[in-house]
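Geometric and topological summary
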Amino acid sequence: MDLSYGEEYEEFRREVQAFLAESWPPRGDEAQLPQNEQIDRFRERGVEAGYLSRSIPRKYGGSEQEADSSKAAVIGEEFRRAGAPMDLLGGGVSLLVPTLLERGEEWQKEKFIKPTIRGHIRWCQGYSEPGSGSDLASLQTKGELVGDEWLINGQKIWTTGAQFADYCFCLVRTEPEQPKHAGISYLLIDMHQPGVEVRPLKQMTGNSGFNEVFFTDARTPRDWIVGKRGEGWLVSRTTLKHERSGLINVGQATSQLPALVDLARRSTRNGRPAIEDPEIRQKLAEVEGFMLANEYSLRYRATKDIKGQDPGRIQLMAKLIRSDIGQEVAKLGMELIGDDGLLAGGAASEMGRPDGPQDNGAWVTTYMGSLAGAIAAGSSNIQRNIIGERGLGLPRDAAAQRGK
Amino acid sequence: MEFDISEEQELLQGMVRQLVENECPLARVREIFEGDSGHDPELWKSLIEVGLAGTAIPEEFGGAGLELLDLALVSETLGNGALPGPFFGHSLAGLAVLLGGSDEQKKTWLPRLAMGDAIGSVAFAEEGSSWQPEEWTLQANGTLSGAKKHVPYGSIADLIVVGTADGGLALVERSGGGVETEPVDGADRTRRLDDLIFDGAHCEILPDGQRASGRVRDAGLILLAADAYGGAARCLEMAVDYANTRQQFGVTIGHFQGIKHQLANMAIRVDPVRFLCWYAAHAFDKIPDESERTAALTKAHATSVFMQTARDTVEAHGGIGFTWECDVQILFKRAMFDRAFLGAPAVHRERAAVLAGW
Ligand SMILES: Cc1cc2nc3c(=O)[nH]c(=O)nc-3n(C[C@H](O)[C@H](O)[C@H](O)COP(=O)(O)OP(=O)(O)OC[C@H]3O[C@@H](n4cnc5c(N)ncnc54)[C@H](O)[C@@H]3O)c2cc1C
């Protein structure tokens, strides 16, 4: 047990600081470049220095560093302090790239990984369909091999970012005669083609984050498949392994607290500052208890991952814990904004995680947005099934058994 | 950075778990629970034999020389077994002497506490839920008079560390006279309480008592939290076992998603508490700046989770869960103790708020 960084890491911290002092914000001629250009050049240097894309091999554009959660933590702290661009988030980087690393062909890795982690190409995740959400393996979008191309027909829905995406990593039924899970393939599809139509959907927040995607004789080359035919289901699950890059963000589980405290300080309740209200103080401390417990669960998990040991069932719980806490934060925020809870809301992080002070309108959006975490990427009930069955050893869900 | 317990600590916990299983399975817990004294000298002796009475007492005084994290790991395991007896108060008394005592007092008392020649306890609470050092009122000037409430095993403890006015600490030997004990009809019959009335009892002030009392309180909060995690984990295990055996509608009730989801909800609250307790104990040992506030938050959180988990566990057992026969009630009442002793969750959440400058 040792939560201190130690001299070795303080030395490393000084290196990172020196790098940042040199590189961000850009100076001289570079400061005149368009912002995306600035960011791009910075990321290039960040990779060279070994601070960005640390879990990705050099030959695919990463910096190939040994997993080290202390270093990752130091980098995170220093980059945040400097307001410097970090590694990109999103489905391409967090889902597709790890999948390619694990299961992709060499040419696929070479072609796709570097531009993805640099943000030069963007991806969307084509899994959910109108009739297939939690029961994802029942999906019906069809892929037929015609000559050297897959011909794709069907509809995806709730596809986040499809309107901006260059490519889609997509689950498609290619072996209709096979049982449900065995009939699916994992295809990569170019979104810029006549057979692909994207229709934005308006979310309850008023924004359009997700879309409907219609494939009508859309095409993709025969070898734009990850894994073999019929292995798509398994391929889509391999991703998990790569989460363990030691890149647990220290402090990530408590990062929403300052926003809440800030809100409580500038809000009024029962005629005085809300931060002085006994009920609010209790609720803040209660939420902080849950956050801290989660923070140290994540650190334990990161430690176990780095040691190559099994952290046990706690790893099955991360998503549900996070979305539950996110909802508690959002509800407390709503409580604090008072009459502004009558208003339509404003810009905020779509997934409802305020990581810094935000205005009351944003809190309204957070209040709604925090529900996305309970639905997207495996609903809370599905998480409870997984925890109950794989974590606690309770019997498998009867309906899910039948569908196998 | 490494957030995990060491191999030695795993061995320690394994040893304690084995001891609990061998010496005091739940059937034996129940006998002690039902008994008059709530104390089994044989069981206590077996703890002493493996050195647990002096876990956090330095080796030079005959203890095991371990830290609060180790003591918390022991508490977690004893809590998991709902182990009856004076371990908690005894451990705190030892810490009080260690942190607040003179060399002389340490030399006199620590070896006796570590070897189990004396049982220690702490007398903190006063009328009106006054558990915190700044709330204590008893004056100690060579002798001590006044009332203390909810003293763990006050009637069998040899050495009582009493919280005094201005947040100080004083030692009272019960055999020295002037100490009257009145048993409390407590819910948790695995950790008995007595009210104490001091009437001119001879006392010795701990010279560093004022500096130590807050730390001793914090250690107590962490040990209760660790006990609570252990108890909550046991509840969860009982509920899962029951769900995998009890049949209704022709299947085990664990088939019903209502039950499965209740158990999953319990698990996501219980499991993370383990790591929170480790952190709080580690902060006590190594990160003094964070220690006081973390102890407060951890006690509030862990004991709230234990209480709710015990309630859920009763519910998951149906009618049998509501009986005196069912062992769940024993855990339930340990949860009541952990929750209220040294102050309820609300008290410590408010303290945490103050300490954060909110
Ligand atoms: C903001 C947002 C972004 C998204 N982005 C994407 C994306 O980019 N790509 C993509 O492919 N998908 C995306 N999704 C879709 C998401 O993955 C699905 O919404 C999710 O899997 C649930 O499917 P569903 O909407 O069909 O709900 P359903 O599966 O119909 O679920 C409805 C309710 O029934 C419950 N339920 C279903 N099955 C069970 C069961 N076995 N036991 C107990 N309860 C059950 C669910 O918990 C839920 O409460 C996104 C969703 C949201 C909200």
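Notes on the structure follow. All values reported here derive from a predicted model rather than from experimental measurement. (Residues numbered from 1 in each chain as written. Chains lettered and ligands numbered in written order. Predicted model: local features only at pLDDT ≥ 70, side-chain atom pairs only at ≥ 80, totals over all residues. Heavy atoms only, no water.)

Here we look at the interface of chain B and chain A
- Each partner contributes to the interface: chain B provides 42 residues, whereas chain A provides 51 residues.
- For the pair chain B and chain A, the summed buried surface comes to about 4300 Å²; carbon and sulfur atoms form 63% of the total.
- On the chain B side of the interface with chain A, the three residues burying the most area are Met1, Phe3 and Trp358 of chain B, jointly 22% of the side's total.
- Counting every contact that joins chain B to chain A gives seven salt bridges.
- Of the charged contacts in the structure, one is a salt bridge between Asp271 of chain B and Arg313 of chain A, with a shortest N-O distance of 2.6 Å.
- Run the count over chain B and chain A and you get 18 residue pairs in polar contact (both at pLDDT 80 or more).
- Those elements that place two or more of their residues in the side of chain B that touches chain A are α7 (209-243), α8 (257-286), α9 (288-316) and α11 (345-355) of chain B.
- Per-element accounting of the side of chain B that touches chain A gives the leading share, 17 residues, to α8 of chain B.
- By residue class, the composition of the side of chain B that touches chain A is 22 nonpolar, 10 polar and 10 charged. (Contact = heavy atoms within 4.5 Å. Buried area = accessible area lost by both parts, 1.4 Å probe. Salt bridge = Lys/Arg side-chain N within 4 Å of Asp/Glu carboxyl O. Polar contact = N/O pair within 3.5 Å; in protein donor to acceptor, adjacent residues only side chain to side chain. Helix = DSSP H or I, 4+ residues; strand = E, 2+ residues; numbered from the N terminus. Nonpolar A, V, L, I, M, F, W, Y, C, P; charged D, E, K, R; others polar.)

Details of the sheet that holds strand β7 (residues 193-202) of chain B
All names here are of chain B.
- Spatially, four strands are ordered β2-β3-β7-β6 in an open sheet, and the strand pairing comes out antiparallel. Where the open sheet ends on each side, the last strands, each with one partner, are β2 (140-141) and β6 (179-183).
- Sheet topology places β6 next to β7; five bridges connect them, and they run antiparallel. Looking at β7, one finds that Thr181 is bridged to Leu196. (Pairing = 2+ DSSP bridges.)

With respect to a nonpolar patch on the surface
- Residues Met204, Leu371 and Ile375 of chain A make up a contiguous nonpolar surface patch of about 330 Å² in total accessible area.
- Of the residues examined, Met204 of chain A reaches a relative accessible area of 60% and is grouped as exposed. (Patch = residues over 30% accessible without salt bridge, like charges linked within 9 Å, V, L, I, M, F, W, Y side chains within 5 Å. Areas by Shrake-Rupley, 256 points an atom, 1.4 Å probe, with all protein chains shown as cover. Buried < 20%, exposed > 50% of the residue type's maximum accessible area, 1.4 Å probe, protein only.)

A look at the site of the ligand
- Taken together, 18 residues sit near the ligand, with Ser134, Trp158, Thr160 and Ser379 of chain A together with Gln257 of chain B positioned nearest.
- Chains contributing residues near the ligand are chains A and B.
- Between Ser379 of chain A and the ligand, the recorded distance is 2.6 Å, taken from a side-chain N or O atom to an oxygen atom.
- Here a nitrogen atom of the ligand and a side-chain polar atom of Gln257 of chain B are 2.7 Å apart.
- When contributions to the shell around the ligand are tallied by element, the ones reaching two or more residues are α11 (372-375) and α12 (380-391) of chain A.
- Of all the elements, α12 of chain A adds the most residues to the shell around the ligand, at three residues.
- Within the shell around the ligand, the residues separate by chemical class into eight nonpolar, 10 polar and no charged. (Near = heavy atom within 4 Å.)

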